[in-house]
Amino acid sequence: MPALRVAVVGGHGKTGRAVCDALGAVDVGALPLGRADWPDLAAAAAGCEAAYVIAPNLHPDEPAYVGEVLTALIEAGIRRVVYHSVASPYAPSMPHHLGKAASEDLVRRSDLDWTILQPGAYLQNLDLTAAIDLPYSPDRPFGFLDLTDLGRAAAVVLTQPGHVGATYELASRVATVRELATGAGVEVRHVPDPKTHPGLSAMFEYYDDHGLLVGTRTLAALLG
Ligand SMILES: NC(=O)c1ccc[n+]([C@@H]2O[C@H](COP(=O)([O-])OP(=O)(O)OC[C@H]3O[C@@H](n4cnc5c(N)ncnc54)[C@H](OP(=O)(O)O)[C@@H]3O)[C@@H](O)[C@H]2O)c1
């Protein structure tokens, strides 16, 4: 039986799988929870000492989701929580970032022992095996985060002392998409926004103007 059991809320998605794998690698018990557990999240999380909280992509009301999760964790007797936010949460032109800024505030005022991780765009969002069609400029800088590094950072903050009350921006490397594509020997084409979701369109517009720059030193320090 592992010494620590962590409920990973939203644990079946690509983020959650990376966190669960990394926890398993350091002998922490990871309990992934998804939609099926939602009707009674407190009961589903019972027996865990800590939680890692991931909201679904582009949730229409992330603060409401996070608020419900925090209430359920408290009901389950869990004191330690790590919230998966985003780099630059206070970006008023991106509503889903603002939802994370408001959720961070709920986490900080929850009275729980919290840590907040602010990941950059995942390297794994890009398929570098074929030509990339990109609905924003390939020449803007990003702090990209490798999901394996995210998992390792989550394991560090959950298993080592000194991370309660900390907020960490996380990126594995800084690059433009063109630099990544060139390194992989594939072409990148700047294409129009397919306009599949207003939240995504707002994000593409922001990326087109600014990229999403994140420094790499915090992650390097965490992972030693
Ligand atoms: N992609 C990036 O570059 C990036 C960067 C920074 C931050 N993030 C953030 O990472 C988070 C998760 O991303 P992801 O790609 O891992 O997500 P994902 O693969 O879509 O996984 C979402 C998880 O949430 C659960 N879920 C979906 N809808 C739900 C609902 N209505 N109520 C309760 N649970 C629900 C799913 O449950 P089931 O198991 O039941 O399907 C699944 O476990 C997002 O908040 C995103 O903003 C992403």
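Across its full length, the protein chain holds eight helices and ten strands. Structurally, the protein chain occupies a C-alpha span of about 50 × 35 × 30 Å along its principal axes. The buried share of the protein chain, taken over its 224 residues, is 50%. When contacts within the protein chain are restricted to residue pairs at least 6 apart in sequence, long-range pairs at least 24 apart make up 77% of them. When the accessible area of the protein chain is evaluated, it comes to approximately 10,500 Å², of which 53% is carbon and sulfur surface.

For Ser 88, which is not glycine, the phi dihedral falls at a positive 50°. When you line up the elements, Ser 88 lands in the loop between β4 (80-84) and α4 (95-108). Positive phi values are uncommon outside glycine, yet Asp 111 reaches one of about 75°. Mapping Asp 111 onto the fold places it in the loop between α4 and β5 (113-119).

A regular strand carries its side chains on alternate faces of the sheet. Counted residue by residue, β5 has six buried out of seven residues, so it is predominantly covered. Summarising the sheet, β4 and β5 pair through five bridges and their orientation is parallel. Bridging from a neighbouring strand, Val 82 pairs with Thr 115 of β5. Read from β4 through α4 to β5, the crossover connection turns out right-handed. With five bridges connecting them, β5 and strand β8 (residues 166-170) associate as parallel partners. Bridge pairing links Pro 119 to Leu 170 in β8.

With that settled, the discussion passes to the packing of helix α1 (residues 14-25) against helix α5 (residues 147-159). Between α1 and α5, the least distance of the axes is 8 Å, while the angle of their chain directions is 55°. What the angle tells us is that α1 and α5 run oblique. The interaxial crossing formed by α1 with α5 has right-handed handedness. Across the interface between the two elements, Lys 14, Thr 15, Ala 18, Val 19, Ala 22 and Leu 23 from α1 touch Leu 147, Leu 150, Gly 151, Arg 152, Ala 154, Ala 155 and Leu 158 from α5. Partitioned by chemical class, the residues of the contact of α1 with α5 number nine nonpolar, two polar and two charged.

What follows covers the layout of surface pockets. Its volume calculated, the largest pocket comes out at about 1,100 Å³. In terms of lining residues, the largest pocket is bounded by 43 residues, among which Lys 14, Thr 15, Asn 57, Leu 58 and Tyr 122 are the most central. If you list the elements that add at least two residues to the lining of the largest pocket, you get α1, α3 (62-75), α4, β6 (132-134) and α7 (198-210). Among the residues making up the lining of the largest pocket, the classes are represented as 24 nonpolar, 13 polar and six charged.

Once that is clear, we can look at the nonpolar core. The biggest cluster of nonpolar side chains holds 28 residues, and the ones touching the most others in it are Val 6, Val 8, Leu 23, Tyr 52, Leu 117, Leu 150 and Leu 170. Where this core is concerned, the elements lending two or more residues are β1 (5-9), α1, β3 (50-53), α5, β8 and α8 (217-223). For Leu 23, the residues in contact, after removing those within four places along its chain, are Val 6, Val 8, Val 28, Ala 30, Ala 155 and Leu 158.

With that settled, consider the site of the ligand. Of all residues adjacent to the ligand, which total 23 residues, the nearest are Thr 15, Arg 35, Ala 55, Lys 100 and Asn 125. In this structure, Lys 14 approaches the ligand through a main-chain N or O atom, which is 3.2 Å from an oxygen atom. Within the side chain of Arg 35, a nitrogen or oxygen atom sits 2.6 Å from an oxygen atom of the ligand. If you map the ligand onto the pockets, it falls in the largest pocket.

Reading the values: rules and limits
Every residue gets a number counted from 1 within its own chain, in the order that chain's sequence is written. Given that this is a predicted model, residues contribute local features only at a pLDDT of at least 70 and side-chain atom pairs are listed and counted only at 80 or more, while totals for whole chains, interfaces and linings are drawn from all residues. The side-chain values count all of the structure's non-hydrogen atoms but skip hydrogen atoms and water molecules. Helix numbers and strand numbers start at the N terminus; a helix is a DSSP run of H or I with at least 4 residues, a strand a run of E with at least 2. A 1.4 Å probe rolled over the protein chains alone gives each residue an accessible area, and that area as a share of the maximum for its type sets the label: buried under 20%, exposed over 50%, partly exposed in between. Contact definition: two residues touch when any of their heavy atoms are within 4.5 Å. Residue exposure ignores everything except the shown protein chains as possible cover, and the areas themselves are Shrake-Rupley values with a 1.4 Å probe. Any two strands are treated as partners once DSSP identifies two or more bridges connecting them. By the criterion used throughout, a crossover qualifies as right-handed when its path from the first strand across the helix to the second strand runs clockwise, the strands pointing away from the viewer. Between N-to-C directions, angles span 0 to 180 degrees; the directions come from axes that are lines fitted to C-alpha atoms, helices contributing only their stretch in contact. Angle categories: roughly parallel below 35 degrees, roughly antiparallel above 145, roughly perpendicular from 65 to 115, and oblique for all the rest. Whether a crossing is left-handed or right-handed is set by the direction in which the near helix is turned from the far one by less than a right angle, anticlockwise for left-handed and clockwise for right-handed. In this classification, the charged set is Asp, Glu, Lys and Arg, the nonpolar set is Ala, Val, Leu, Ile, Met, Phe, Trp, Tyr, Cys and Pro, and all remaining amino acids, among them Gly, are polar. The pocket and cavity definitions rest on a 1 Å grid over protein atoms only: a 1.4 Å probe that fits but cannot leave marks a cavity, an open set with protein on both sides within 12 Å along at least five of seven lines marks a pocket, and residues lining either have an atom within 4 Å of a point. Grid points are joined across faces, edges and corners, and a volume is the space filled by probe spheres set on the points. As used in this record, nonpolar core signifies buried Ala, Val, Leu, Ile, Met, Phe, Trp, Tyr and Cys residues forming a set joined through side-chain atoms within 4.5 Å. Note on definitions. A residue lies near a molecule or strand when any single heavy atom of the residue is within 4 Å of it. In protein, a polar contact means a hydrogen-donor-capable atom and an acceptor-capable atom, both N or O and within 3.5 Å, with residues adjacent in sequence counting only if both atoms are side-chain atoms; elsewhere, any N or O pair within 3.5 Å suffices. The way we define it, a molecule is inside a pocket or cavity when more than half of its atoms are within 2 Å of that pocket's grid points.

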